[in-house]
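Breakdown of the fold
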Amino acid sequence: MQRPWHFIPVEEHQGSFNMAFDEQLARALLDGSELPTLRLFRWKPWAISLGVNQDMGEINLERARTDGIDVVRRPTGGRAVLHAEELTYSVAMEATGKSVLAVYNAISTALVAGLRRFGVDVALSKVQPDLRAHYKTLSSIPCFTASARYEIEWRGRKLVGSAQRRYRSSEHGREVVLQHGSLLIGSAHKRLVDYLFLPDDRARDQLTMELDEKTIELESLTHHPIDVHDLAACIRQGFEEAWGIQFTDASSLEERRIVYG
């Protein structure tokens, strides 16, 4: 029998709280005090998140602050994302003996099942770019200019960008993965370009064009406004269907602030 999972439904929180809470979920799972968890959430106010090793100097912090946009660092890897018109997922799961790509594949397969329930026919990317070479270019600053293997696309255009991090316990001999992903709903994510330090307007225009060509949003596929709670219900069902698990609804984050600070 599958171990029980927690599901935390859609809520909106500040970026710093979102990231701290997810890291606490992973660490609590590692020490055995928490169940594996799927959480779906949004960001209020909008926020730019950077990967754990990304250079904060690539972001115009003053302009972001002036426009009321938070800037935070994720505990996971990957590149910069403007969390605006989107739904973010986080998965904290046991990963002992599972490779990085195996975890990506499993999570993406569940997301695909959920998105197909929502009426969108998406697929997994089959290619793995040379990320080391890509990271040497300006195009690498945003997450959504390249798809890694098993990320989710529609006809070659990226719909979901994901990143992960592993936590290991020598005491318990256990490994846990925290994976984040941004599911694009509207086109506001492309405004990330406005908050990057780039050499000139030509570079800014080039990066904007790349995001136009390489990404797709749910509203472009469904041609109507997205109800995030309907979308979240489909994502939940996709995980249950793909993994054969049954979720238990966890208490809201407001109630759990006592535990997680």
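Given the structure is predicted, the values throughout are model-derived calculations rather than measurements. (Residues numbered from 1 in each chain as written. Predicted model: local features only at pLDDT ≥ 70, side-chain atom pairs only at ≥ 80, totals over all residues. Heavy atoms only, no water.)

A short note on the overall build of the chain
The following threshold applies: To qualify as a helix, a DSSP run of H or I must reach at least 4 residues; to qualify as a strand, a run of E must reach at least 2; elements of each kind are numbered from the N terminus. Only protein chains enter the accessibility calculation, which uses a 1.4 Å probe. A residue is then buried if its area is under 20% of the maximum for its type, exposed if over 50%, and partly exposed in between. What makes two residues a contact is simply this: any of their non-hydrogen atoms within 4.5 Å. For the area figures, the Shrake-Rupley method with a 1.4 Å probe applies, and any residue is considered shielded solely by the protein chains shown.
A tally of regular secondary structure across the chain gives 8 helices and 11 strands. Across the 261 residues of the chain, 55% fall into the buried class. If you take every contact in the chain between residues at least 6 apart in sequence, the share linking residues at least 24 apart comes to 75%. Roughly 12,000 Å² of accessible area belongs to the chain as shown, and the carbon and sulfur atoms make up 48% of that amount.

Here's the deal with helix 3 (residues 100–117)
How we decide: Take the residue count of a helix, subtract one, and multiply by 1.5 Å to get its expected span.
If you check helix 3, its first and last C-alpha atoms are 26 Å apart, about what 18 residues at 1.5 Å a residue would give, namely 26 Å. All buried positions along helix 3 are accounted for by Val-103, Tyr-104, Ile-107, Ser-108, Ala-110, Leu-111, Val-112, Ala-113, Gly-114 and Leu-115. Directly beyond the C-terminal end of helix 3, a positive phi value near 100° is found at Gly-119.

Let's talk about the side chain of Gln-179
Going by this rule: Between N or O atoms, a polar contact is any pair within 3.5 Å; within protein, one atom must be a potential hydrogen donor and the other a potential acceptor, and residues adjacent in sequence are included only when both atoms are from side chains.
Position of Gln-179 relative to the elements: it lies in strand 10 (residues 174–184). Engagement of the side chain of Gln-179 in a polar contact is seen with the side chain of Tyr-89, the distance being 2.8 Å. Leave out the neighbours within four places in its chain, and Gln-179 touches Tyr-89, Ser-90, Val-91, Val-103, Tyr-104, Ile-107, Ser-162, Ala-163 and Gln-164.

Section: the sheet that holds strand 2 (residues 37–43)
Definition in use: Should DSSP find at least two bridges between two strands, the strands are regarded as paired.
Strand order in this open sheet of 8 strands is 7-8-9-10-6-2-1-11, and the pairing throughout is mixed. Edge positions in the sheet fall to strand 7 (123–124) and strand 11 (247–249), since each has one partner strand and no second. With 9 bridges connecting them, strand 6 (residues 86–94) and strand 10 associate as antiparallel partners. Within strand 10, the position partnered with Met-93 by the bridge is Val-177.

A word on empty space enclosed by the protein
What counts is decided by this rule: Note on definitions: the grid is 1 Å and covers protein atoms alone; a cavity is a set of points where a 1.4 Å probe fits but cannot get out; a pocket is an open set with protein on both sides within 12 Å along at least five of seven lines; lining residues have an atom within 4 Å of a point. Grid points are joined across faces, edges and corners, and a volume is the space filled by probe spheres set on the points. Three residue categories are used. Nonpolar comprises Ala, Val, Leu, Ile, Met, Phe, Trp, Tyr, Cys and Pro, charged comprises Asp, Glu, Lys and Arg, and polar comprises the others, including Gly.
Applying the stated criterion across every chain, the model contains 3 cavities of 30 Å³ or more. If you add up the space inside the largest cavity, you get close to 80 Å³. At the level of secondary structure, the elements contributing two or more residues to the lining of the largest cavity comprise strand 5 (81–83), strand 9 (157–169) and strand 10. The residue inventory of the lining of the largest cavity, partitioned by class, reads 3 nonpolar, 7 polar and 2 charged.

Observations regarding helix 7 (residues 228–243)
The end-to-end C-alpha separation of helix 7 is 22 Å, in line with the 22 Å expected for 16 residues at 1.5 Å each. All buried positions along helix 7 are accounted for by Val-228, Leu-231, Ala-232, Cys-234, Ile-235, Arg-236, Gly-238, Phe-239, Glu-240 and Trp-243. Its side-chain oxygen placed 2.9 Å from the backbone nitrogen of His-229, Asp-227 serves as the N-cap of helix 7. Phi for Gly-244, located one or two positions after helix 7, is positive at around 65°.

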